[in-house]
Amino acid sequence: MSRGLGIVREAVLSDPDTALKLVLVVPKDIAEEVTELLLKKGVLEPVELEASTSLAKELEAYMSVLERAKEVYSYLEANIGREVVVRIDFPPESIRKTVESLLKDLEALYESVKELNELASMRAAELEELNAVRRLAGSIAVKYPGSTASLLSYTGGQVAVRTVLCSEGVYEQLKSRAYSVIDSVGYGKRVVASLAFNPMELREVLEGFGGELRVLDPGADPGEPLESLVRRLDERIAYLSRTVEELRSRKESILGPRIRDVALLKSLVESELERYRILRGALSSKYVVAIAGWVLRSKAEEVTRSLSSYPVYLTLSEEENPPVEFKNLRPFKPFELLTELYGMPSPHEWDPTPLLTYSFLLFYSMMLADVGYGLGVVLATRYVLPRFVADPESPGFTKLKKILYISGALSMVTGIASKSFLGSLLGRYIPLERPLLNTFDIIKLIGLSLALGLAFTLLSHTIALAKSIKLRRRYDAIYEVGMLVLMMGGPLIVIRVFNLGLIHVTDELYRLALVATLAGIGMVAFAKVKSMGGVGGFLWLFDVVGIVGDVFSYVRIAGIAGGTAFLAEAFNSIISCLLYTSDAADE
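Please read all numbers here as calculations on a predicted model, not as lab measurements.

S.K.: Help me understand empty space enclosed by the protein in this model?
M.R.: Using a probe with the size of a water molecule, rolled over the atoms, empty space left in the structure can be pinpointed. Throughout the structure, instances matching the rule amount to three cavities of 30 Å³ or more. Volume-wise, the second largest cavity comes out at about 50 Å³. Every residue along the wall of the second largest cavity is listed here: M367, A369, D370, Y373, S420, T439, A561, T564, A565 and A568. At four residues, the largest contribution of residues to the lining of the second largest cavity is made by helix α19 (residues 555–586). Residue classes in the lining of the second largest cavity are distributed as six nonpolar, three polar and one charged.

S.K.: I would appreciate a short explanation of the pairing of strand β4 (residues 160–167) in the present structure.
M.R.: Walk down a regular strand and you will see the side chains alternate between the two sheet faces. With respect to burial, β4 is a largely interior element, seven of its eight residues being buried. Bridge count for strand β3 (residues 154–155) against β4 is two bridges, and the pairing is antiparallel. Within β4, the position partnered with T155 by the bridge is A160. Taken together, β3 and the strand that follows it, β4, pair antiparallel across an intervening segment of four residues. Relative to strand β6 (residues 190–197), β4 runs antiparallel, the two being bridged by eight bridges. When the sheet's bridge partners are listed, C166 is paired in β6 with V191. Here β4 runs beside strand β7 (residues 213–216); their pairing, made up of four bridges, is antiparallel. Bridging from a neighbouring strand, C166 pairs with L213 of β7.

S.K.: Quick question: what am I supposed to make of the packing of aromatic side chains here?
M.R.: The relation between two aromatic rings is expressed through the spacing of the ring centres and the mutual angle of the planes. Taken as a whole and judged by the stated rule, the model has eight aromatic pairs. Three or more aromatic residues joined by ring pairs form one cluster here, namely F363, F456 and Y554. A cation over an aromatic ring shows up here: R496 above the ring of Y510, its NZ or CZ 5.0 Å from the ring centre.

S.K.: I would appreciate a short explanation of the environment of E168 in the present structure.
M.R.: With respect to the helices and strands, E168 occurs in helix α5 (residues 168–177). Overall, E168 belongs to the exposed group, its relative accessible area being 52%. Measuring from C-alpha to C-alpha, the distance between E168 and V191 comes to 6.0 Å, with 23 residues separating the pair along the chain. Residues within four places of E168 in sequence aside, it is in contact with K189 and V191.

S.K.: Would you mind showing me how to read the nonpolar core here?
M.R.: Buried together is how nonpolar side chains tend to be arranged in soluble globular proteins. Of all hydrophobic cores here, the largest spans 26 residues; its most connected members are L66, L76, V99, L106, L265 and V269. Put simply, the parts of the chain that give this core at least two residues each are α3 (54–80), α4 (95–143) and α8 (259–283). Considering each element in turn, this core owes the most residues, nine residues, to α3. With residues near it in sequence (within four places) discarded, V99 still touches Y62, L66, L265, L268 and V269. Core analysis: the next-biggest nonpolar cluster, separate from the first, contains 23 residues, L136, V161, L165 and Y187 among them.

Parameters at a glance
- Residues numbered from 1 in each chain as written.
- Predicted model: local features only at pLDDT ≥ 70, side-chain atom pairs only at ≥ 80, totals over all residues.
- Heavy atoms only, no water.
- 1 Å grid on protein atoms, 1.4 Å probe; cavity = no way out; pocket = protein on both sides within 12 Å on 5 of 7 lines; lining within 4 Å.
- Points joined across faces, edges and corners; volume = space filled by probe spheres on them.
- Helix = DSSP H or I, 4+ residues; strand = E, 2+ residues; numbered from the N terminus.
- Nonpolar A, V, L, I, M, F, W, Y, C, P; charged D, E, K, R; others polar.
- Buried < 20%, exposed > 50% of the residue type's maximum accessible area, 1.4 Å probe, protein only.
- Pairing = 2+ DSSP bridges.
- Phe/Tyr/Trp six-rings, centres within 6.5 Å; stacked < 30°, edge-to-face > 60°.
- Lys NZ or Arg CZ within 6 Å of the ring centre and 35° of its normal.
- Contact = heavy atoms within 4.5 Å.
- Core = buried A, V, L, I, M, F, W, Y, C linked by side-chain atoms within 4.5 Å.

Quick look at the structure:
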């Protein structure tokens, strides 16, 4: 079922065969043999890498990406605190793109988590100091009722008081340098104490212990009662405790949905780092070389299988703008020549070859709807054209011949349908009561051409809409929807206003078409302004008018088809007159 749907899809729009970047590490003594094999298997541009090549520099750039990714996932993993197992179920050539995409997403998470951790760390450090001060302040308040915060921090002419947090060993040394110990309490494995010092020696004493001692600031005026300070400290401690818990909860809430992404990035980066370290080592090795090239995705499995008997290390990766080849169904292969006239499709676009095939054959067979013309094209392609080219067997000329054979055959089919074989000269003998396609009825030909023009213009904008949605171009998608709505409502208004009589447009249908047309114009104008700014405020008008030009350009089909038929009849009339004149002269 899926295969059948795939064939139907490829019969309308196909995808180009994109190439993958192939890099091999091979022993030097078989490098030439492996390169020849790659060429035979269709690998494009296989070359030996040197440390100075752009690809080698690109490899180094990717190594930097991997190192950065490792830094990101390691930090995030440390904050998750639990192990997660993921399954990697996509092709190896997609790894680089996946790594870069994951890294781009997780770097924002990394910065957010880092910011939350720094904020939580600051709050936790402040909380630790306040808890130490609170414990000492509570003890002093009990020991010295009615005392003030000056017993925690004070600077005077004769004495200076400081509250410190340090180890027991440092505390014992401080006691010997202090006037007195006001109070001290245990704080885990450390001591928080309030000591009185000589103001002249205070700086020297405290700096002498460096990082082993921390001076705590109670954040109070020396005259504030300790009981009041204790109450403030309790409130601040409660607030900081809630803040730290909220920060941790927020960190867990943003990490939770991305745990699998972090685990996936870790799995990919660990394997990629190992592979690319091997490749980087090959660039400076005396015994192995790195060979790089492009292999089409359709041939990647075959190339990999053919290299399995060689002692090589192989990597495949996707690049941003790789080479592409056509990948059409066999009937469309010759018509790839038409697409090449416009340029190869990009790796991220559809291949329009099937649509070009249908439109070319339809238009060609309508414009040359004569059995004689079609037969002449086939015979000229077979016997005349090869004499004018240097290499009749070249792939390009072979494709051109197939196009002309098919086009000529279809011209013969439409010639039969229009009862035209060298005009009416032999067409009168075609066994049809009346022509199915009357090339002499110019009005109907014009109507048919306009209908084809509207249909193909609608189809082109539908494809453009699908492309905009695929590439997530929001305003382009709105623009294309507006164009489609306009093209569906506009013709009904024209038919009603000019009373063309092609179809019956009721009052209700006319009002609906009018609303749709105005809505379409509004969407086109809105999208133009949003995508192009002020200049789009008047450029939309050219786009709306341009639709009419696009549709009416198909009238040339009717002109050429009618002209072909009239020329044939004119030629036949001239020949008939000459023959009649010659017969009359003989008599």
